[in-house]
Amino acid sequence: MNFTALCTVVAVLRILPNRSQFFRYDSVTLSCADNKNSSDWRVKRNTNNSKSKECSSTWGKRSGSHCSINAVYPFDSGQYWCASATGACSEFINITVTDGPVILESPVLPVTEGEAVILRCILNKASSSNLTQFYKDGRLIGSSSAGIITILDVSKSDEGLYKCDVTGAGGSPESWLSVRGSKPESFRSHPTYVLLPVVAACFLFASVMLLYLWRNLKAKADHDVPYTDVTFQQRVLPKTNPEMASEPALYSTIKHGAF
């Protein structure tokens, strides 16, 4: 059952040592983390003996959002995750504790396409042979005398169950490798998306400068008009002789036939 489908995933469960397989009596520390560094988290687990059990004195020691297990046993194998009182959670991880001589060290959390994945075979006792074979879904994928194999440029096709086998010592349990799709290309990383804002900003700046220069030139032209070039037309009235205006008008009557 996928518990993360029932809650909002906002936290990450981290585990130290950073692997999902452990030998009996190994010490393990689980920590919940979110972007707010909140301590309101509880580590829970599902095992064959209990369901949705919080970290407590019965199987661990809680300190804030951390849970420590001094010594793990095969019955500690199961699913572990973080949960909060508000219903938020983390993705769950699978932990396997074995009494066997070999464990596989592989990524606990999902890896992203394009990354390199290192698989390492670990023995709890020295072995006369170091030849290690690695398997995916039961099929041999490689051998190594150093006990390490690297998957370059991992893809979704690399997702599956992995295990290792050391000649003369034995094999490890299987662990699931989860691969996520590659991250979308950043908006700013594309040359087109980088150049467009720059070109737009330059165009806007040039437009503002041209408008500013045009307004300045227009204002200067209006201010510098010389008054000598302006012609005022004035209606000239005819002059009158004051003496004539003051003298009374003389009228004579001329009779017809007087001459």
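Structure's up top.
Our subject in this report is the structure included herewith. Note on numbering: residues in each chain are counted from 1, in written sequence order. Two thresholds apply to this predicted model, a pLDDT of at least 70 for residue-level local features and 80 or more for giving and counting side-chain atom pairs, whereas whole-chain, interface and lining totals are computed over all residues. Excluded from the side-chain calculations are hydrogens and water; all other atoms, namely the structure's heavy atoms, are used.

### Brief notes about the overall build of the protein chain
Here's step 1: From N to C terminus, the protein chain includes two helices and 20 strands.
Here's step 2: Counting across all 259 residues of the protein chain, residues that qualify as buried make up 30%.
Here's step 3: Across the protein chain, contacts joining residues at least 24 apart in sequence account for 60% of those joining residues at least 6 apart.
Here's step 4: Areas reported here follow the Shrake-Rupley algorithm with a probe of radius 1.4 Å; residue values treat only the protein chains shown as occluding. When the accessible area of the protein chain is evaluated, it comes to approximately 18,100 Å², of which 56% is carbon and sulfur surface. Note on conventions: DSSP H or I runs of at least 4 residues are helices, E runs of at least 2 residues are strands, and numbering of each starts at the N terminus. Note on exposure labels: buried denotes an accessible area under 20% of the residue type's maximum, exposed denotes more than 50%, and partly exposed covers the range between, all computed with a 1.4 Å probe on protein chains only. Contacts: residue pairs with any heavy atoms within 4.5 Å of one another.

### Details of the nonpolar core
Side chains of nonpolar character tend, in soluble globular proteins, to be buried together.
Here's step 1: Joining through side-chain atoms within 4.5 Å is the link that ties buried Ala, Val, Leu, Ile, Met, Phe, Trp, Tyr and Cys residues into a set, and such a set is a nonpolar core. Core analysis: the largest hydrophobic core is formed by 21 residues, its most contacted members being Leu13, Ile15, Leu30, Val43, Tyr80, Ile93 and Ile95.
Here's step 2: Those elements that place two or more of their residues in this core are strand E1 (8-16), strand E3 (28-33), strand E7 (66-69), strand E8 (78-83) and strand E10 (93-98).
Here's step 3: Excluding anything up to four places from it in sequence, isoleucine 15 contacts Phe22, Val28, Thr29, Leu30, Ile93, Ile95 and Val108.
Here's step 4: Listed in part, the 15 residues of the second largest apolar core include Val111, Val117, Val154 and Tyr162.

### Some words on the pairing of strand E11 (residues 102-105)
Here's step 1: Neither face of E11 is open: one carries Val102 and Leu104, the other Ile103 and Glu105, and all of them are buried.
Here's step 2: Relative to strand E13 (residues 117-123), E11 is paired through four bridges, and the arrangement is antiparallel. Across the sheet, isoleucine 103 pairs through a bridge with isoleucine 122, a residue of E13. In this analysis, strands are considered paired if DSSP registers two or more bridges between them.

### Re unusual backbone geometry
Here's step 1: For the bond running from leucine 16 to proline 17, omega is -5°, close enough to zero to count as cis.
Here's step 2: Here proline 17 is to be found in the loop between E1 and strand E2 (21-23).
Here's step 3: Its identity is not glycine, yet tyrosine 25 carries a phi of approximately 80°, on the positive side.
Here's step 4: In this structure, tyrosine 25 sits in the loop between E2 and E3.
Here's step 5: With relative accessibility at 53%, the residue tyrosine 25 sits in the exposed group.
Here's step 6: Of note, the phi angle at aspartate 137 is positive, near 50°, even though the residue is not glycine.
Here's step 7: On the secondary structure map, aspartate 137 appears in the loop between strand E14 (132-136) and strand E15 (139-144).

### Examining the side chain of serine 20
Here's step 1: Locating serine 20 in the fold gives a position in the loop between E1 and E2.
Here's step 2: Classification of serine 20 by relative accessible area gives buried; the value is 7%.
Here's step 3: Separated by 3.3 Å, the side chains of serine 20 and serine 175 make a polar contact.
Here's step 4: Contact partners of serine 20, with chain neighbours within four places excluded, come to Asn94, Ile95, Thr96, Ser106, Val108 and Ser175. We call two N or O atoms a polar contact when they sit within 3.5 Å, provided that within protein one can donate a hydrogen and the other can accept it, with sequence-adjacent residues counted only if both atoms are side-chain atoms.

### Some points on the state of the cysteines
Structurally, a disulfide amounts to a covalent bond that connects the sulfur atoms of two cysteines.
Here's step 1: Note on terminology: disulfide denotes any pair of cysteine sulfur atoms within 2.5 Å. Considering all chains together, one arrives at four disulfides under this definition.
Here's step 2: Paired by a disulfide, cysteine 55 and cysteine 67 hold their sulfur atoms 2.0 Å apart. Every disulfide takes its handedness from the sign of the S-S torsion; for cysteine 55 and cysteine 67 that torsion is 80°, giving right-handed. With cysteine 55 in the loop between strand E5 (53-54) and strand E6 (61-63) and cysteine 67 in strand E7, this pair connects stretches of sequence that are twelve residues apart.
Here's step 3: The class for cysteine 67 is buried, based on a relative accessible area of 0%.
Here's step 4: Sulfur-sulfur distance for the disulfide between cysteine 121 and cysteine 164 comes to 1.9 Å. A torsion of 80° about the S-S bond marks the disulfide between cysteine 121 and cysteine 164 as right-handed. With a gap of 43 residues between them, cysteine 121 in strand E13 and cysteine 164 in strand E17 (residues 160-166) connect regions that are remote in the sequence. The two residues cysteine 121 and cysteine 164 agree in class, both being buried.
Here's step 5: Ordering the disulfide-forming cysteines of the protein chain by sequence position, one finds them joined as 1-6, 2-5, 3-4, 7-8.

### Looking at the sheet that holds E13
Here's step 1: The antiparallel open sheet is built from three strands, whose spatial order is E11-E13-E16. Because the sheet does not close on itself, it has two edges, and the strands there are E11 and strand E16 (148-151). For this sheet, the mean angle separating the axes of adjacent strands, direction not counted, is 15°.
Here's step 2: Pairing of E13 with E16 involves four bridges; the strand directions are antiparallel. Within E16, the residue paired with leucine 119 across the bridge is isoleucine 149. Axes here mean lines fitted to C-alpha atoms, for a helix over just the part in contact, with angles spanning 0 to 180 degrees between N-to-C directions.

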